[in-house]
Amino acid sequence: MASPEEAARPRGRGAPRQVSFRRVVVQAAIAAALYLVVLAISGVSAIAALIFGVIAFVLMIPLGLVISRVLYRYQLRRWQRRQAGG
């Protein structure tokens, strides 16, 4: 039997999928790693680049969750309007 969360989840062709916490963490890690590489190439000391990379990673997780939730809600409303024929 499906849980209430699964029952409320939209189904069907083109239904938006909610972004998982794991995906947000992976995206934040990739962005922080790229930020770290850019800082290292630009001549910033390794310790400073590492500190800024960790700070960027920590800040990108909540930011990524908020952005993902806003985008999901927007896509869900759009999908629901299409399903209703509007």
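Here the structure is a predicted model, which is why all the values come from computation and not from measurement.

1. Quick notes on the overall build of the chain
Part 1 of the reasoning: Each helix and strand in the chain was counted, giving three helices and zero strands.
Part 2 of the reasoning: In the chain, the succession of helices and strands from N to C terminus is α-α-α.
Part 3 of the reasoning: Looking at the chain residue by residue over its 86 residues, the buried ones come to 19%.
Part 4 of the reasoning: The contacts of the chain with a sequence gap of at least 6 include a subset with a gap of at least 24, amounting to 76%.
Part 5 of the reasoning: For the chain, the accessible area works out to roughly 6,900 Å², and carbon and sulfur atoms hold 65% of it.

2. Side note on a positive patch on the surface
Part 1 of the reasoning: On the surface, a cluster of positive charge is contributed by R69, R73, R77, R78, R81 and R82.
Part 2 of the reasoning: Considering the arrangement of structural elements, one finds R73 in helix 3 (residues 46-83).

3. Describing the confidence of the model for the chain
Part 1 of the reasoning: The predicted model of the chain has a mean per-residue pLDDT of 88, with 86% of residues at 70 or higher.
Part 2 of the reasoning: Mean pLDDT per element in the chain: helix 1 (residues 4-8) is the minimum at 58, and helix 2 (residues 21-41) is the maximum at 94.

What counts, and at which threshold
Numbering of residues starts from 1 in every chain and runs along the sequence as written. Two thresholds apply to this predicted model, a pLDDT of at least 70 for residue-level local features and 80 or more for giving and counting side-chain atom pairs, whereas whole-chain, interface and lining totals are computed over all residues. By convention in this description, side-chain values take in all heavy atoms of the structure and omit both hydrogens and water. We count a stretch as a helix when DSSP gives it H or I for four or more residues in a row; a strand needs E for two or more, and each element gets its number in order from the N terminus. Relative accessible area decides the class of each residue, using a 1.4 Å probe on protein chains only: under 20% of the type maximum gives buried, over 50% gives exposed, and in between gives partly exposed. Here a residue-residue contact requires only that any non-hydrogen atoms of the pair lie within 4.5 Å. Note that accessible areas follow from Shrake-Rupley with a 1.4 Å probe, and for residues the cover is restricted to the protein chains shown. To count toward a patch, a residue needs a relative accessible area over 30% and no salt bridge; like charges are then connected within 9 Å, while nonpolar side chains (Val, Leu, Ile, Met, Phe, Trp, Tyr) are connected within 5 Å. Definition used for salt bridges: Asp or Glu carboxyl oxygen within 4 Å of a side-chain nitrogen of Lys or Arg. Residues scored as charged are limited to Lys and Arg (positive) and Asp and Glu (negative), so that His and the chain ends carry no count. Think of each charge as sitting on NZ of Lys, CZ of Arg, CG of Asp or CD of Glu. As a per-residue quantity, pLDDT reports the predictor's confidence and falls between 0 and 100.

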